[in-house]
Amino acid sequence: MAYEKELAAAKKAVIIASRFCQKVQKVLLQSDVQSKSDKSPVTVADYGSQALVSYVLEKELPSESFSLVAEEDSGDLRNDSSQEVLQRIRELMNDTLKSDGESKVLSAEDVLTAIDSGKSEGGPLGRHWVLDPIDGTKGFVRGDQYAIALALLDEGKVVLGVLGCPNLPLASIANTDQSSSENQVGCLFYATIGSGTYMQSLDGSSHKKVHVSAIENPAEASFFESFEAAHTTFSLSGSIATKLGVKAPPVRIDSQAKYGALSRGDGAIYLRFPHKGYREKIWDHAAGCIVVTEAGAVVTDAAGKPLDFSKGKFLDLDTGIIVTNQKLMPLLLKAVQDSLREASSPQASPSM
């Protein structure tokens, strides 16, 4: 299999980071720190996840020049006021690594250095890892869905993706009649180019190949969209669903867990239409995109063009992102373009 050693390293990094995030979320949910004024638990999780992924990748792939495009840098953590948070990150990281058999104890400077490995700009040349250490921070704080999303770019193309979804059930979220034996949560989705998409539990069991829904009739399809209103225009999604004849209400969940759920057929369509002025980052979609396309989906912008991850940290798109299987895509694309035209027509605007 192509990228075999890179995939093994990426899976290990994401599993360890997922365990770390689970520890932090458990502490978060057991306390009263969910007040919006205290952001330290999600800060600990965000920085710690990035540091762990960076540390594990560099350790597992020592012979390769290392480039990581990621969300965080250590600037804020180097302030005197952040020393307590930094120590919490370091202690939890060391605890997580120790339980994985790591003998080295990381210093505060080791943690900061690992975080700062994520300063690459990416681009069309060479290899670049792309990481969102916690995709869906608001879902993380609520105790809902979030993902650790890691991808590899090779000459501007996504060739590998791993999604750790610690709160996603192994059974389909479309199945409301789950027996207790199917209630296990914690999924890892992974794909390499040309090799399909696989899902396993975060503890390493129940490895299986997954495929997107084969539904051809849009009336039978359900669709995913973002939980956060800032990340999608619900009225536009509603118009598209109406044009397609979709009867089921939208399933709103946080993070790239949507891509994972879609890749195994929990739903058939994913719509994302951020509000005007929002620029998509490559780490918000790179891992999810290859996971769902290798499972048989098509991912495009609203003009029907594939996503281009080769231009640095941002995706320059026509309006939004749409995902579905190959049979439904022509119908979905037409409904999207018709709805966008209607939304932008003068009649659609309220008179002054």
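Basis of the calculations
Residues numbered from 1 in each chain as written. Predicted model: local features only at pLDDT ≥ 70, side-chain atom pairs only at ≥ 80, totals over all residues. Heavy atoms only, no water. Pairing = 2+ DSSP bridges. Helix = DSSP H or I, 4+ residues; strand = E, 2+ residues; numbered from the N terminus. Axes fitted to C-alpha atoms, helices over the stretch in contact; angles between N-to-C directions. Contact = heavy atoms within 4.5 Å. Phe/Tyr/Trp six-rings, centres within 6.5 Å; stacked < 30°, edge-to-face > 60°. Buried < 20%, exposed > 50% of the residue type's maximum accessible area, 1.4 Å probe, protein only. Polar contact = N/O pair within 3.5 Å; in protein donor to acceptor, adjacent residues only side chain to side chain. UniProt positions renumbered as here; feature names shortened; annotations may be inferred. Salt bridge = Lys/Arg side-chain N within 4 Å of Asp/Glu carboxyl O.

Details of the sheet that holds strand E5 (residues 185–192)
Sheet architecture is open: seven strands sit in the order E1-E2-E3-E4-E5-E6-E7, paired in mixed fashion. Strands at the two margins of the open sheet, each flanked by one partner only, are strand E1 (68–70) and strand E7 (208–210). With direction set aside, neighbouring strand axes in the sheet form an average angle of 20°. Bridging between strand E4 (residues 157–169) and E5 involves seven bridges; their strand directions are antiparallel. Note that in E5 the partner of Cys165 across the bridge is Cys187. Sheet strands in contact with helix H2 (residues 40–60) are E1, strand E2 (127–135) and strand E3 (147–154), and its direction is about 150° off that of E2.

Some points on the packing of aromatic side chains
Overall, the coordinates contain three aromatic pairs when judged by the stated rule. Where Phe140 meets Tyr146, the ring centres are 4.9 Å apart and the plane angle is 90°; that geometry is what we call edge-to-face. Owing to a relative accessible area of 0%, Tyr146 belongs among the buried residues under this scheme. Look at Tyr190 and Tyr198: their rings are 5.8 Å apart centre to centre, the planes differ by 20°, and that puts the pair in the stacked class.

Some remarks on the environment of Arg127
Along the chain, the position of Arg127 falls in strand E2. For the pair Arg127 and Asp154, spaced 27 residues apart in sequence, the C-alpha separation works out to 4.5 Å. The contact partners of Arg127, leaving out residues within four places of it in the chain, are Tyr3, Glu6, Glu64, Ser67, Leu152, Leu153 and Asp154. A polar contact of 2.6 Å, which involves the side chain of Arg127, links it to the side chain of Glu6. Separated by 3.3 Å, the side chains of Arg127 and Asp154 make a polar contact.

Considering the pairing of E4
Counting buried positions along E4 yields 12 of 13 residues, so the element is predominantly enclosed. Here E3 pairs with E4 via seven bridges, running antiparallel. Considered in E4, the bridge of Ala151 is made with Gly161. Connecting E3 to the antiparallel partner E4 that follows it, the hairpin turn spans two residues, and Glu155 within it adopts a positive phi of roughly 55°.

A look at the sheet that holds strand E9 (residues 251–252)
Strand order across the open sheet formed by five strands is E9-E8-E10-E14-E12, with mixed pairing between neighbours. Either end of the sheet is taken by a strand with one partner, and the two such strands are E9 and strand E12 (297–301). As paired strands, strand E8 (residues 223–225) and strand E10 (residues 269–272) are joined by two bridges and run parallel to one another. Residue pairing for E10: Phe224 is matched across the bridge by Tyr270. Its contacts with the sheet put helix H8 (residues 286–294) on E12 and strand E14 (321–325), and the angle it makes with E12 is roughly 140°.

Things to note about the UniProt feature "binding site: Mg(2+)" (unreviewed entry) in the protein
According to UniProt, the feature "binding site: Mg(2+)" (unreviewed entry) maps to Glu71, Asp132, Ile134, Asp135 and Asp284 in the numbering used here. Taking the farthest pair of C-alpha atoms as the criterion, the annotated set spanning 214 residues converges on one region, since that pair is 10.0 Å apart. In this structure Glu71 touches Gln50, Leu131, Asp132, Pro133 and Trp283, once residues within four positions along its chain are discounted. In this structure Asp284 comes out as buried when scored by relative accessible area, which is 11%. If sequence neighbours within four positions are ignored, Asp284 has contacts with Asp132, Asp135, Gln256, Tyr259 and Tyr278.

Looking at unusual backbone geometry
Positive phi, close to 55°, is recorded for Glu155, a residue that is not glycine. In this structure, Glu155 sits in the loop between E3 and E4. The backbone of Ser255 sits at a positive phi, close to 75°, despite the residue not being glycine. Mapped onto the elements of the fold, Ser255 is located in the loop between E9 and helix H7 (257–263).

Some thoughts on the pattern of salt bridges
Enumeration according to the criterion identifies 23 salt bridges in this entry. Between Glu60 and Lys12 there is a salt bridge, with the nearest N and O atoms lying 3.1 Å from each other. Within this pair, whereas Glu60 is found in helix H2, its partner Lys12 is found in helix H1 (residues 4–30), the two being separated by 48 residues in sequence. When its relative accessible area of 35% is taken as the criterion, Glu60 is described as partly exposed. Given the relative accessible area of 32%, Lys12 is considered partly exposed. Across the pair Asp144 and Arg142 runs a salt bridge whose closest N-O atoms are separated by 3.0 Å.

Description of the pairing of E5
The buried fraction of E5 is high, at seven of eight residues. Hairpin remark: E5 followed by strand E6 (residues 197–201), antiparallel, with four residues in the connecting loop; positive phi at Gly194, about 80°.

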